[in-house]
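# Report on the structure
Each chain, letter by letter, is given below.
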Amino acid sequence: RISDTSSENFPREISSVKLYLYADGKTYDAPDDFSLEYRNDELWLPVKIKERIPGKLTGNTVNAAMFDKIMAKQIKINFKHNPQGKAVASTELECY
């Protein structure tokens, strides 16, 4: 697979997410990239990420993304993989 999606339900105002990814060097690794979408009523809209820390996704540590405040009923993470990439395991998602 070249992409995967994970989504969470909650109605709240947020301006950052912290994503924790598991990596073991064998089966699981951080994806090449990710994007965020949020649902406001009926539509899924892209989140315009302003800053990422670290700049490249890293396993076994926090990966933070900051953006302008949005009111989200749901948030969706779209993982983008290298075609020869390993599986992705997200262990925690924090939304602030």
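To keep things clear, this report deals only with the structure shown in the data block. Since the model is a prediction, treat every value here as computed from it, not as a measurement.

## Concerning the pattern of salt bridges
Counted under the stated rule, the structure contains 5 salt bridges. With a shortest N-O distance of 2.7 Å, Arg-52 and Asp-33 are connected by a salt bridge. One end of the pair, Arg-52, is in strand S4 (residues 49–53); the other, Asp-33, is in strand S2 (residues 33–40), with 19 residues separating them in the sequence. The exposure class of Arg-52 is partly exposed, given its relative accessible area of 29%. Given the relative accessible area of 28%, Asp-33 is considered partly exposed. Linking Lys-73 and Asp-41 is a salt bridge whose minimum nitrogen-to-oxygen distance equals 3.0 Å. Of the two residues, Lys-73 sits in strand S5 (residues 62–80) while Asp-41 sits in the loop between S2 and strand S3 (43–46), which places them 32 residues apart along the sequence.

Thresholds applied
- Residues numbered from 1 in each chain as written.
- Predicted model: local features only at pLDDT ≥ 70, side-chain atom pairs only at ≥ 80, totals over all residues.
- Heavy atoms only, no water.
- Salt bridge = Lys/Arg side-chain N within 4 Å of Asp/Glu carboxyl O.
- Helix = DSSP H or I, 4+ residues; strand = E, 2+ residues; numbered from the N terminus.
- Buried < 20%, exposed > 50% of the residue type's maximum accessible area, 1.4 Å probe, protein only.

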